[in-house]
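So you can see what is in the structure, the chains are spelled out below.
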Amino acid sequence: MKKISIVLTAIALVLSSCADFLDVKPTNQAAASLSIMNESDAKVMLNGLYSALTTSSFYGRNFILYGDAKSGDLTVQSNGRGYDYMFAYNHSVSGYSMSGFWTSGYNIIMLCNNIIENIDRLKEEGTTGLDEYRAQALTIRAMVHYDMCRLYGKCYNDDKSSYGIPIADKTVPAGAQLLRNSVEEVYSVVIRDLDDAATSLSKKKNNGFVNYYANRALKARALMDMENYSGALSLAEEIINSGVYKLYTNKEWAASWSSQFGSESIFELGMYVNEGDLGNTGCLGAQYILGGGNGRNNQIFMASKAFLELLGEDPDDVRWEIMGQDQVGESEGYLRPGSCYKYYGSKDMKGDGKASSSAVNIKLIRLSEIYLIAAEAAARTSNASKASSYYAEIHKRSPNLPVPNGITAAMVLNEKNKELFGEGLRFWDLIRTNATIVMDDTTPDVKVTTRETSFTRSFYKCILPIYNGEMNANPGIRAQQNPGY
């Protein structure tokens, strides 16, 4: 296997506030090779791992934002407002704005490896009862490898033999120099880890933590990339038919954002005051609103015209209830419902029950997505009845729109766009299906020179570069830089 140079740095473990682990002694010590000696230690380490997932440079903000800002679902009022470099596809080998994906991703993987290897050591010594913790770490390691491969490598169905990311499925010394594996090799390890973990994971709802069904949902996502639609359909149906989760009714949908761990939440990251909370300027929620009288005029993104037109197919669509108005420039003086308040809990910004309205949990996997995976996979395998049935359950959010005959994959993807707007998935669907990405540059004063308005995944900036800091630390990686950089 080919290997690429990476620098893995230590990360301090921070105890999460999750209620299940309140009896665990906190620690702020970096992971040592023999730091897990018993089940109590394993709980502390696992808490630290989940805390690391909420970092702003990965799932706590930037990874979700990346999937929306680069998809055409969002637009900006003006240039130079911060994270608009995602919207502009303005990234280079010397720009460190998105290098956090690389460093944070491998820090998380390092924590996973430490947990897995220490538990394996304890099991060899006769300790029992740790399989669940190991399986959670394995699942998270697979998830991060998968998402990093999508950031830095081509889609599996585009060129699986091209460079993905370095596989780090074991601890390595600081300064280790691993070279990039192929996309196919990375996906192979992702599927291997997910399947290895699945048999030891609980099938009960596990608020704030990975369980069996979160594991299966992650595999279904990967199988869709691999065009294994029958496999993805089977996994999606297993989750749906388990009865562990339930779709929100139309009356429940908007209110679900102001509560934690609802009936649709398969994997939801806890964001806690004084821990993952980034406040009203840095939090994920603040990036999706602009003005509208809420004193957030310093923020960046708003819904694009294309998305508003799509959701506007039914003015009574329940998903309007989480959209608020934006003031787009004083000279224009007009309002439009372009702000998304999912990550503030509601349009009145009441949060999800915590002391801070900006410390709102991030719903990484919802049951709605699983229904739409099932519908798309069924449509692509010519199972018209299942495609229509699963599609209809989400289409109910638009009460004035009848379910059309002959559900196609394109119809499902449009419904998915409406349902999961702001949840960081749209860009990956466009890349996976090789659809045209159309960016909304019509807002006054916006001039983008780093990309065209319309392009497909062949545009080289749909993939991130390996940044200079990594290449300087490991010269071997320069020969494996992504094309165009």
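Residues numbered from 1 in each chain as written. Predicted model: local features only at pLDDT ≥ 70, side-chain atom pairs only at ≥ 80, totals over all residues. Heavy atoms only, no water.

Asks: Even after reading the chapter, I still don't get the side chain of E415, so can you show me in this structure?
Replies: Considering the arrangement of structural elements, one finds E415 in helix α15 (residues 409–419). You can call E415 buried: its relative accessible area is 2%. Side chain to side chain, E415 and H395 meet in a polar contact 2.9 Å long. E415 has contacts with R319, L372, Y391, I394 and H395, leaving out every residue within four places of it along the chain. (Helix = DSSP H or I, 4+ residues; strand = E, 2+ residues; numbered from the N terminus. Buried < 20%, exposed > 50% of the residue type's maximum accessible area, 1.4 Å probe, protein only. Polar contact = N/O pair within 3.5 Å; in protein donor to acceptor, adjacent residues only side chain to side chain. Contact = heavy atoms within 4.5 Å.)

Asks: Is there a simple way to explain the packing of aromatic side chains in this structure?
Replies: Aromatic ring pairs are reported here in terms of the distance separating the ring centres and the angle at which the planes meet. Applying the stated criterion across every chain, the model contains 28 aromatic pairs. Relative to F63, the ring of F58 lies with its centre 5.6 Å away and its plane at 0°, an arrangement referred to as stacked. Look at F58 and you get buried, because its relative accessible area is 0%. Both rings, one in F63 and one in W428, keep their centres 5.9 Å apart while their planes meet at 15°; by these two values the pair is stacked. Separated by 365 residues along the polypeptide, F63 in helix α2 (residues 62–69) and W428 in helix α16 (residues 426–432) bring together distant segments of the chain. Comparing F63 with W428, the two get one shared label, buried. When the ring centre of Y272 is taken as reference, the NZ or CZ atom of K354 above it lies at 5.7 Å. Geometry around F87 places R451 over its ring, the cationic atom sitting 4.7 Å from the centre. (Phe/Tyr/Trp six-rings, centres within 6.5 Å; stacked < 30°, edge-to-face > 60°. Lys NZ or Arg CZ within 6 Å of the ring centre and 35° of its normal.)

Asks: Help me understand the environment of V412, please; the structure alone is not making it clear to me.
Replies: Position of V412 among the secondary structure elements: in helix α15. Under the relative-accessibility criterion, V412 is labelled buried at 0%. Note: C-alpha distance between V412 and I394 (18 residues apart in sequence) is 9.5 Å. Other than its neighbours up to four places away in sequence, V412 contacts L372, A375, E376, Y391 and I407.

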